[in-house]
Amino acid sequence: MADWLAIDWEANRICGLTATGRRGGTLTVQRVLQWRIPSDGSDGSPEKTAQWLRDELAAVGITKAHALVSLPREAVVVRLLEVPDAGPEELPELVKYQVAARSTQRIEELAIDYVLLPRRPGAASPGTETESESEATETAANTREVLAVTAPRSVVERIYRTCELANLEPTVLTITPFAANWMIRDRRGGASGSSRSTGDRSDGATAKRVALAIGHTASRLELWVLEGDHVIQTHSTALPTGPDAARTLFAEVTRTIVALQRTRHGLKLGRVWLLGQSEHAEPIARALQQRLSGSAFADENCPVELLDPLRFPSERLQWRLVDPTLDGEDTGILAAAVGLLLATAHGGTIELDLWHPHRPPVRRARWPWIAGAAAAAVLFGLIGSHWHRSNLLQQRQDRLQAERTAIDQTRKALERLKPRVSAVQAVEQWQARDPDWLFRLHQLTTLQQNHRLYLTDASATSSARGNSVRLQGRGRAADDED
């Protein structure tokens, strides 16, 4: 099982490496892949190519993996463009218009991505120049250089669809120079972090010195010029066999540096990196160093360093290859695959990605925020109004409940006082009928208390109408008056 599949996808073959591990950590390289794409699948449908690729992957025990893909330099068109110094919101459209003006194909048929190059030294600070130089410097200060890469959209989409159908997750699609450049970054110790930058990192102390990287395979050369960590120019050429190889290589190096000196006066070559198999590349490296030592565009002691992809020492890669052989090919063909794995191990990103090109940042319209704020204000207002009305209603309900409770308590108190009220009412009625009787009863009680009168028998009868009472008594009195 592999987590990462790093491959160089040519028109008729696929070469690459498989590795396991997590992004941002050490990767274990397990297998070298080298497949010839069937002739009936190279130009066929993605479904047919995907079925073939799925079978090849299953044969080496791979069912799912992240696809890290690079295209050879010769499969794309690279243009050095000057665009107005604009922000990331406008730059993608400016590059698109520049490409459309220079391309013979319709812009809809092209997949486009670009890399913003570092500012040229002195472009932002004219200093003391002549009038013509000052105008040129002012123009350079208001423009930026970009390296625009275009590929047929049909090819880009076909590779993406093929990877999907083969149970691979399409992760990145770049070109060899930007992938293999991670080998050099790792070698120099500057591979940490993301590689997609604004292109502003350039200092005058090193701007006059550039490095040249050469991807060396059995049949072709891929050259790219580095200013710091940035690829600022790249091209490829066929490599003849025999003694003409070194002569062809030196001619291409000369042409590349001379072309750069037209826009970067005084530029010199400070170092050369040769990526390929040591046995094949060493004679070329020695011949190249001899020629560079006496050239006017390179430092006197310009070193040429060999980097063998299959023997590349890195703390981020552990090499545990099952079969490290390549059939009739130089290990330089794996430089892009090694670079892709190094970028993954360092947790970085590739500057150029045709599957995920630079796009203007999505600007969210302000009116949804305003409408949302207004809706929130209205909602809070309605909630507040509802709460206030609910609070008032609750207060009224509490008051009504208190009044009901008071009424119930009053009614119960009246029920308890009802017998007394009835008695009082009866006395009042009796007093109203004949109030003298109470006085006489009082008088009679007083006589008995004074021992003036003793009753042995007493009776009272009322009239039929109940409006008079007759009292009769028997007893003894102290005298006749009593």
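Look a little higher up for the structure.
Bear in mind that the values here come from a model prediction, so they are computed numbers and not experimental data. (Residues numbered from 1 in each chain as written. Predicted model: local features only at pLDDT ≥ 70, side-chain atom pairs only at ≥ 80, totals over all residues. Heavy atoms only, no water.)

The computed volume of the second largest pocket comes to approximately 440 Å³. Listing elements by their share of the lining of the second largest pocket, those giving two or more residues are α3 (91–102), β6 (110–116) and α5 (153–165). Examining the composition of the lining of the second largest pocket, we find that five residues originate from one element, β6, more than from any other. Of the residues assigned to the lining of the second largest pocket, the class counts are 13 nonpolar, one polar and seven charged. (1 Å grid on protein atoms, 1.4 Å probe; cavity = no way out; pocket = protein on both sides within 12 Å on 5 of 7 lines; lining within 4 Å. Points joined across faces, edges and corners; volume = space filled by probe spheres on them. Helix = DSSP H or I, 4+ residues; strand = E, 2+ residues; numbered from the N terminus. Nonpolar A, V, L, I, M, F, W, Y, C, P; charged D, E, K, R; others polar.)

So, about the sheet that holds β6. The antiparallel open sheet is built from three strands, whose spatial order is β5-β7-β6. Of all strands in the sheet, those with a lone pairing partner are β5 (77–84) and β6, marking the two edges. Taken pair by pair, the neighbouring strands of this sheet meet at an average axis angle of 30 degrees, ignoring direction. The pairing of β6 with strand β7 (residues 143–152) spans seven bridges and is antiparallel. Directly across from L110, in β7, lies its bridge partner P152. Running at roughly 65 degrees to β7, α5 makes contact with β6 and β7 of the sheet. (Pairing = 2+ DSSP bridges. Axes fitted to C-alpha atoms, helices over the stretch in contact; angles between N-to-C directions. Contact = heavy atoms within 4.5 Å.)

Generally speaking, soluble globular proteins have nonpolar side chains that are buried together. Counting residues in hydrophobic clusters, the biggest one holds 102 residues, and the most contacted among them are W9, I214, V253, L269, L292 and L341. The biggest single contributor to this core is helix α9 (residues 335–345), with nine residues. When residues no more than four places from it in sequence are discounted, the contact partners of W9 are I14, I37, T49, L53, V69, S70, L71, P72, I159, T162 and C163. Residues L81, L110, I112 and L116 belong to the second largest nonpolar core, which totals 12 residues. (Core = buried A, V, L, I, M, F, W, Y, C linked by side-chain atoms within 4.5 Å. Buried < 20%, exposed > 50% of the residue type's maximum accessible area, 1.4 Å probe, protein only.)

This next bit is on the sheet that holds strand β12 (residues 268–275). Within a sheet, neighbouring strands are paired by backbone hydrogen bonds and run either parallel or antiparallel to one another. With respect to topology, five strands assemble into an open sheet ordered β11-β10-β9-β12-β13, the strand pairing being mixed. A single partner strand is all that each edge strand has here, and the edge strands are β11 (230–238) and β13 (304–307). Within the sheet, the average angular offset between the axes of one strand and its neighbour, ignoring direction, is 20 degrees. Here strand β10 (residues 220–227) runs beside β11; their pairing, made up of eight bridges, is antiparallel. Each residue of the ladder has a partner; that of W224, found in β11, is T234. Relative to β10, helix α6 (residues 176–188) is tilted by about 55 degrees, and along the sheet it contacts β9 (209–216), β10, β11, β12 and β13.

Take E108: it is sitting in the loop between α3 and β6. Of the residues examined, E108 reaches a relative accessible area of 52% and is grouped as exposed. Separated by 45 residues in sequence, E108 and R153 have C-alpha atoms that sit 7.9 Å apart.

With that out of the way, let us pick up empty space enclosed by the protein. Under the defined criterion, the tally for this structure stands at two cavities of 30 Å³ or more. In this model, the largest cavity occupies a volume close to 60 Å³. If you trace the largest cavity, you find it lined by D8, T176, A180, G215, T217, R220, E222, W224, G332, I333, A335 and A336. Residue assignment for the lining of the largest cavity shows that the elements contributing at least two residues are α6, β10 and α9. Residue contributions to the lining of the largest cavity peak at three residues, all from β10.

Next up on the list: the packing of aromatic side chains. Taken as a whole, this structure holds three aromatic pairs when the rule is applied. Ring plane angle 80 degrees and centroid distance 6.3 Å describe the contact between W35 and W52, whose orientation is recorded as edge-to-face. With a gap of 17 residues between them, W35 in strand β3 (residues 27–36) and W52 in helix α2 (residues 46–59) connect regions that are remote in the sequence. Among the residues examined, W52 registers a relative accessible area of 14% and is labelled buried. Arranged with centres 5.3 Å apart and planes meeting at 85 degrees, the rings of Y160 and W355 form a pair that is edge-to-face. Taken together, the residues span a long stretch of sequence, with Y160 in helix α5 and W355 in the loop between α9 and α10 (366–433) at a distance of 195 residues. A residue is classified by how much of its surface remains accessible, and Y160, at 32% relative accessible area, is partly exposed. Of the residues examined, W355 reaches a relative accessible area of 11% and is grouped as buried. When the ring centre of W182 is taken as reference, the NZ or CZ atom of R185 above it lies at 4.4 Å. (Phe/Tyr/Trp six-rings, centres within 6.5 Å; stacked < 30°, edge-to-face > 60°. Lys NZ or Arg CZ within 6 Å of the ring centre and 35° of its normal.)

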